[in-house]
Amino acid sequence: MTLVRTPYRQLLPYEIAMFAVALVFLGVWGTLWLRARRLRARSAAESSGKPGSTSKAAPSSPKPVLAAVAAVVAIMAVLLGLVFDNNWHIRMYSHSDVRTVRLGAVTSSFASVIVRDPTAKSITVTLTAPDTKKIDVTVPVSLDNDFVGIARFTGLSGGAEHAVQVKNDRGEDVKPANGQELKIKTLPIKNPDSFKVAFGSCNLPFPWRHGMSGFKNVLDMKPDLFLHLGDFIYADVPFQVGDSTENFRRLYRRNLNDAYYMELAQSVPSLHMFDDHEIFDNWVAGAPPVPYAPTALAVYREHVHNAMPHEADPGKPNPTWFYNVTVGSDLATIFMSNTRAFRKPASTPAASSKDLESADATFLGADQLAAVDAWLQDAQTRKVTWKVFVSSVPFSPNYVDADTWYGARRERAAILKRADELGVHNLIVLSGDRHEVGVFEIPRKLEGARSVEFSVSPLHAFYDDLPSIKEEIEPILFKDAGARSYAGAIEISEQEVKFAVRRMGEPLYDLTVKRTK
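Residues numbered from 1 in each chain as written. Predicted model: local features only at pLDDT ≥ 70, side-chain atom pairs only at ≥ 80, totals over all residues. Heavy atoms only, no water.

Participant: Residues and numbers for the overall build of the chain, please.
Facilitator: A tally of helices and strands in the chain yields 8 helices and 20 strands. Taken over 517 residues, the chain has a buried fraction of 53%. Put simply, of all contacts in the chain between residues at least 6 apart along the chain, 72% involve residues at least 24 apart. Counting only carbon and sulfur atoms, one obtains 57% of the accessible surface of the chain, whose full area is about 22,300 Å². (Helix = DSSP H or I, 4+ residues; strand = E, 2+ residues; numbered from the N terminus. Buried < 20%, exposed > 50% of the residue type's maximum accessible area, 1.4 Å probe, protein only. Contact = heavy atoms within 4.5 Å. Areas by Shrake-Rupley, 256 points an atom, 1.4 Å probe, with all protein chains shown as cover.)

Structure below.
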């Protein structure tokens, strides 16, 4: 099933409700009109029965019928307008005047701040450290970069909270709409008692104008860090926006105009990866080539990726799409992978051909696979307790779908084998994309090792749009689907990881994974 059709299907209840209102209105109006007609007829009959009466029954007027029809037509026109607005709003609203400031990414020594100001020529961001030391970074903004400026700060102190002040070239303060003071805290260099990481993927203002309240569900979990696992925009829903830079930019600006998203983005730093819908459904690099993919990825870099910690040179033509960060001295390390930019699909991607897979099928590519190996080795050398591997799509083979890691089972097995060879315990996997929740046990051959995958999506979008789990190839601990919003979080401490997921803002499921070594 293509994602493009799903929002129309899930809008159907709204359309049926509006149509029902129109029918009820027509029924009530018709009943009243018929009753009035009978009363007039009865009155005329009684009058004609009186001695000397010569009056005749007055012909019924067509006006009530025409009025009822006009009312129904008006209601249906309103319905058509609402559907048109929902499905074509990105063509009608540019959000070009949106002016915002939000927190970018953090490590123990790095932080970034993302500003958009269409009235400015440059932006100056000032960080004030706890010791009152100030650091200024000035960046140009113009139509060439959609008036988005990303200030990158290096050499910061770990675990320190910095006050953020933003001014444009005219000396005007650029602040959040609610007037809150911005602060950004770098990752700790000493192990904290606990550290909470919220995560999820897939956000779309659906139905349009309702706001993406799923981001409020994330904020309510009070995370220290937020991981966005891709599909930050839907460039193909309800139709492909085209190949123009402006059309892709509109989708990012629409997010900046969402109060729920901005409240989270102005309160919690985030790490991002992209998935397919930033370009189009099930996109992978080079298979087949898509002429507008470079445009889509350039806009993604402009609004999101250039704020990530590893992009020392955001202007370079070939960005590094994967990276990792460490929490504490040795509490946890997080690898943010990319399963789209280097993927070479299996030659038989159909789910029905489940016993066939190309020998050279890969999701990561050679360089990223080597980086994962180096990450695992480094974690073992530094004796890091928790290893968190983050994938935009489910790591579990249970979906029997080539768009999940089922499509690169050999590469998946090679990663787990290498983890076993290195003696890696306490490996956790986070994923999204499927518009449902799945918690899976990952079988390990290393004695005593336990690995679990937590797959959570959508943050805020349509639901149940993809085929669900087909086989229990590996143990399923929990599964849920059918809601418009799910938000996940893991709270990491020395001895355990506590996973929790919320469905439409309400607690749904939790699981504690104990440290095994």
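Participant: Explain the sheet that holds strand β18 (residues 486-492) to me, using residue names and the numbers behind them.
Facilitator: The strand order β10-β9-β8-β18-β19-β20 describes an open sheet built from 6 strands, whose pairing is mixed. Every other strand in the sheet has two partners, leaving β10 (270-272) and β20 (506-514) as the edge strands with one partner each. Adjacent strand axes in the sheet meet at a mean angle of 20° when their direction is disregarded. Where strand β9 (residues 225-228) meets β10, 3 bridges bridge the pair, whose relative direction is parallel. In the strand pairing of β10, Phe226 is matched with Ser270. (Pairing = 2+ DSSP bridges. Axes fitted to C-alpha atoms, helices over the stretch in contact; angles between N-to-C directions.)

Participant: Pulling in residues and values, what's your account of the sheet that holds strand β5 (residues 148-153)?
Facilitator: Taken in spatial order, the 3 strands make up an open sheet running β1-β2-β5, and their pairing is antiparallel. In this open sheet, the two strands that pair with only one neighbour each are β1 (100-106) and β5. Taken over all neighbouring pairs, the strand axes of this sheet differ in orientation by 20° on average, direction set aside. Where strand β2 (residues 111-116) and β5 come together, 6 bridges link them in antiparallel fashion. Following the sheet pairing, Ile114 is matched in β5 by Ile150. Across the face of the sheet, helix α6 (residues 293-303) comes into contact with β1, β2 and β5 while running at roughly 55° to β5.

Participant: Tell me what's going on with the pairing of strand β14 (residues 427-431), and back it up with residues and numbers.
Facilitator: Counting buried positions over the 5 residues of β14 gives 5, a clear majority of the element. Alignment of strand β13 (residues 386-390) against β14, held across 4 bridges, turns out to be parallel. For Val388, the partnering residue across the bridge sits in β14 and is Ile428. Sheet topology places β14 next to strand β16 (residues 451-456); 5 bridges connect them, and they run parallel.

Participant: Got a sec to walk through empty space enclosed by the protein? Specific residues and values, please.
Facilitator: Counting across every chain of the model gives 4 cavities of 30 Å³ or more. Computed from the structure, the second largest cavity encloses a volume of approximately 80 Å³. Arg102, Leu103, Tyr261, Ser270 and His272 are, among the 13 residues lining the second largest cavity, the residues nearest its centre. Elements represented by at least two residues in the lining of the second largest cavity include exactly β1, α5 (259-265) and β10. Classifying every residue of the lining of the second largest cavity by side-chain character gives 9 nonpolar, 3 polar and 1 charged. Counting contributing residues per domain, the lining of the second largest cavity is built from domain 1 (92-186) and domain 2 (187-514), each supplying no fewer than three. (1 Å grid on protein atoms, 1.4 Å probe; cavity = no way out; pocket = protein on both sides within 12 Å on 5 of 7 lines; lining within 4 Å. Points joined across faces, edges and corners; volume = space filled by probe spheres on them. Nonpolar A, V, L, I, M, F, W, Y, C, P; charged D, E, K, R; others polar. Domains from an automatic or database assignment.)

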